[in-house]
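Listed below, chain by chain, are the residues.
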Amino acid sequence: MKSKSKPQLSPLPRTEILIYWVLSFGSHLYSYYQLHRFCKVHETGLVREFQLEEGFLKGFKRDPSDFEWNFWSEWAKKSLLWTLFGHGVASRFTTVFYPKRRVPVLTIYGFVAASSALGIRGVSVLLVHLALSFSVAQLRKPALSWGCNLLLLSTLHIQPLQEIQRGWYETEEEYFLLLFSVAVCGLRFISFSLEHCWNPLNCGAVVQLCWLFSYTFYHPFFYNGPIVTYKDYTEQMQQPAEGSNREESALSYLVLRSGRLLLWWCIAEYMIHVMYMHAIQSNEIYIEILPPWALGGLALALVQFFYVKYLVLFGLPSMLATLDQLVPPKLPRCVSIMHSFTGMWRHFDEGLYQWLIRYIYVPLGGSRHGPLYNILSTGLAFGFVCFWHGGSDYLQYWALMNWAGVLVESGLKSLFVSSFIHSMVEQNFSMAMKRRWVALVSAFSTSMLILSNLVFLGGIHVGRIFWKRVFIHGWSTLAPPMLAFLYCFAQIGLEWTSHPP
């Protein structure tokens, strides 16, 4: 899953790069336009079947079918925006006036905020998990800690327990908030447990418990991440808090980042006003009758909306964490310039990627002990991600596709750096031509990456119909132009990687 060095890529003529940009950007806009036209033609049926809402924009409906976006939007309006604002105020106040009390104040604030949203019984579930995980970690046996935390995560799928917890709340949304909180905190408990097994803090058990409490209930990351490791959190939180000399730069950062967040939110809302992609993906008939360009627009819209959604969902917590002088994971990279499975995992959710590398891939051997260990380590990492997300059948297919994709890319990379192939390529191809071949191979990889993402976002039926329409029935009509445009996307991605902004 982890490469050691970046390949050296030759620059291409500016005219050629400009052509790739025009074709990439133009194909996005045209496919979105065709999807929008399809939505307007079938709007009456979509409104009747999926209860499209009255939109913010005059003359447009709003597609409410994306559960995650609606769920967090409702919670943001209900309480999360206010509690996150309160966290920011408490953080700045203690940083300026009581820097030595910043960590305990933020910990208490996070615990109170969680209690107000989840209720006493909901927070009690987390406290029980925390206590069990902490107790087992004191034995300093990684296998026991893993077993304990996996059992705790598996309680999320025990039907009788689910029914009991549902009974605590008046709405399903409140129960799901508990579910998401327990799942994300589970990653934190594993992080603490393994760090304690490998290299415990040089302090007493009470201090360790306090740091685990602070790590667990840090409010910006509490419900949905992004993920930071226990080691990074404690090291960064123990750095001396900077005072009023940074107030001006902090204010300018807050204003600029808030403006970007508002822009991303507007783009996400605009997308579900002009393209009802989530409603369409829920009905196989609509996917079957989509015109070819609109079909491509649906695929692009689904993955692009997922990207913009997480710019918002990770962007606000990351902004507050940065103001707290933490170093959060980088925000997701645009999916249109992702040209490999490996790159998608490394750059979309960097926090989860680093977590998997540190706690699963490297401890199991990774690539250091040969291909078999690499296959096993990668497979178990994807297996854990599938389990953590719920383990449904479509998630199993998605995890297997990603595992296969990463292994194929790793195998091809090993093949092309072998002495025989490498010398043959060096003798017969220029640097520019080698880059074009890399982009061509990446186009095929990207097509499978998009297919796996469609399975993840829409389910097995969406992936099956795309596979049938593009690669079975459309192998001579749809697949070639699609791969040509994906080749352009890959070239833009390679250019972006070589010359990041």
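Residues numbered from 1 in each chain as written. Predicted model: local features only at pLDDT ≥ 70, side-chain atom pairs only at ≥ 80, totals over all residues. Heavy atoms only, no water.

**Q** Just to check I follow, could you spell out the overall build of the chain for this structure?
**A** The helix and strand tally for the chain stands at 22 helices and two strands. Computed over its C-alpha atoms, the radius of gyration of the chain comes to 24 Å, within 12% of the 23 Å expected for a compact globule of 501 residues. When its C-alpha atoms are laid out on the principal axes, the chain stretches across 65 × 60 × 55 Å. Sorting the 501 residues of the chain into buried and exposed places 52% on the buried side. Split by element, the accessible area of the chain, about 24300 Å² in all, is 67% carbon and sulfur. (Helix = DSSP H or I, 4+ residues; strand = E, 2+ residues; numbered from the N terminus. Rg over C-alpha atoms; globule rule 2.2 N^0.38 Å. Buried < 20%, exposed > 50% of the residue type's maximum accessible area, 1.4 Å probe, protein only. Areas by Shrake-Rupley, 256 points an atom, 1.4 Å probe, with all protein chains shown as cover.)

**Q** How do you make sense of the pattern of salt bridges when you look at a structure like this?
**A** Pairing is possible between side chains that carry opposite charge, provided their charged atoms lie close to one another. Scanning all chains against the criterion turns up 15 salt bridges. Across the salt bridge formed by Glu43 and Lys40, the nearest N and O atoms sit 3.1 Å from each other. Here Lys40 falls in the partly exposed class, since its relative accessible area comes to 32%. For Glu284, the salt bridge goes to Arg464, with nearest N and O atoms at 3.1 Å. In this pair, Glu284 is assigned in helix H13 (residues 284–289) and Arg464 in helix H21 (residues 460–472), connecting sequence segments 180 residues apart. (Salt bridge = Lys/Arg side-chain N within 4 Å of Asp/Glu carboxyl O.)

**Q** How should I be thinking about the packing of helix H1 (residues 14–41) against helix H14 (residues 292–323) in this particular structure?
**A** Between H1 and H14, the shortest axis-to-axis distance is 7 Å and the interhelical angle comes to 105 degrees. By the criterion of interaxial angle, the relationship of H1 to H14 is roughly perpendicular. Two secondary-structure elements touch here, H1 through Ser27, His28, Tyr30, Ser31, Tyr32, Gln34 and Leu35 and H14 through Trp293, Ala294, Gly296, Gly297, Leu298, Leu300, Ala301 and Gln304. A per-class count over the contact of H1 with H14 returns eight nonpolar, seven polar and no charged. (Axes fitted to C-alpha atoms, helices over the stretch in contact; angles between N-to-C directions. Parallel < 35°, antiparallel > 145°, perpendicular 65-115°, else oblique. Contact = heavy atoms within 4.5 Å. Nonpolar A, V, L, I, M, F, W, Y, C, P; charged D, E, K, R; others polar.)

**Q** Explain helix H17 (residues 371–389) to me, please; I cannot follow it from the model alone.
**A** Helical geometry: 3.6 residues make up each α-helical turn, so side chains three or four residues apart lie on a common side. In this model H17 runs 27 Å from its N-terminal to its C-terminal C-alpha over 19 residues, within 8% of the 27 Å that 1.5 Å per residue would give. Here H17 has its buried residues at Asn374, Ser377, Thr378, Gly379, Ala381, Phe382, Phe384, Val385, Cys386 and Trp388. Elements that come into contact with the buried residues of H17 comprise helix H5 (142–154), helix H7 (172–198), helix H15 (341–347), helix H16 (350–361) and helix H18 (393–416). Among the residues trailing H17, Gly390 stands out with phi positive, at a value near 130 degrees. (Expected span 1.5 Å × (residues − 1).)

**Q** What is the right way to read helix H2 (residues 43–50) from this model?
**A** Residues of H2 that are buried: Glu43, Gly45, Leu46 and Phe50. All buried residues of H2 lie within an arc of 160 degrees about the axis, which places them on one face of the element. With respect to the buried face of H2, the exposed residues turned more than 90 degrees away are Thr44 and Arg48. Gln51 sits one or two residues past H2 and shows a positive phi near 50 degrees. (Arc of directions from axis to C-beta.)

**Q** What is the right way to look at unusual backbone geometry in this model?
**A** Most peptide bonds take the trans form, and the phi angle of most residues other than glycine is negative. That bond from Gly225 to Pro226 is cis: its omega, 10 degrees, falls within 30 degrees of zero. Tracing the chain through its elements places Pro226 in the loop between helix H9 (219–222) and helix H10 (230–237). Positioned with a positive phi, Gln51 is a non-glycine residue whose angle comes to about 50 degrees. Structurally, Gln51 is set in the loop between H2 and strand S1 (53–54).

**Q** Quick question: what am I supposed to make of the packing of aromatic side chains here?
**A** Centre-to-centre distance and the angle between the planes together describe a pair of aromatic rings. Taken as a whole and judged by the stated rule, the model has 41 aromatic pairs. Relative to Tyr359, the ring of Trp355 lies with its centre 5.3 Å away and its plane at 65 degrees, an arrangement referred to as edge-to-face. Of the two residues, Trp355 and Tyr359 both sit in helix H16, four residues apart, roughly one turn of that helix. Judged by relative accessible area, Trp355 falls into the buried class, the value being 0%. (Phe/Tyr/Trp six-rings, centres within 6.5 Å; stacked < 30°, edge-to-face > 60°.)

**Q** Looking at this model, I keep getting lost on the confidence of the model for the chain. Mind explaining?
**A** Any segment with low pLDDT has predicted coordinates that should not be analysed in fine detail. Mean pLDDT for the chain: 89, with 96% of residues reaching 70 or above. Note that pLDDT drops below 50 for residues 3–7; the model gives that stretch three contacts with residues more than four away or on any other chain. (pLDDT = per-residue confidence, 0-100.)

**Q** Got a minute to help me understand the side chain of Thr107 in this structure?
**A** Take Thr107: it is sitting in helix H4 (residues 102–137). Ignoring sequence-local partners within four residues, the contact set of Thr107 consists of Phe213, Ser214 and Phe217.

**Q** Please explain the state of the cysteines as it appears in this structure.
**A** Where two cysteines share a covalent bond between their sulfur atoms, that bond is called a disulfide. With the rule as written, the count across this model stands at zero disulfides. Residue Cys266 stays outside any disulfide, its sulfur separated by 18 Å from that of Cys334, the closest cysteine. Residue Cys266 is classed as partly exposed on the basis of its relative accessible area, which comes to 38%. (Disulfide = S-S within 2.5 Å.)

**Q** Teacher, can you tell me more about the environment of Trp388 here?
**A** Note that Trp388 resides in helix H17. A C-alpha to C-alpha distance of 9.0 Å links Trp388 and Val184, two positions 204 residues apart in sequence. Ignoring anything within four residues of it in the chain, the contact list for Trp388 reads Leu153, Ala183, Val184 and Leu187.

**Q** Before we go on, may I ask you to explain a nonpolar patch on the surface in this structure?
**A** Taken together, Phe56, Leu57, Leu262, Trp265 and Tyr270 make up a surface patch of nonpolar side chains, about 540 Å² in accessible area. Relative to the helices and strands, Leu262 is located in helix H11 (residues 247–274). Its relative accessible area of 53% is what places Leu262 among the exposed residues. (Patch = residues over 30% accessible without salt bridge, like charges linked within 9 Å, V, L, I, M, F, W, Y side chains within 5 Å.)

**Q** What is the right way to read the side chain of Asn402 from this model?
**A** With respect to the secondary-structure elements, Asn402 resides in helix H18. For Asn402, the side chain forms a polar contact with the main-chain oxygen of Trp398, separated by 2.7 Å. Not counting the four nearest positions on each side in its chain, Asn402 is found in contact with Phe341, Trp345, Phe382 and Ser452. (Polar contact = N/O pair within 3.5 Å; in protein donor to acceptor, adjacent residues only side chain to side chain.)

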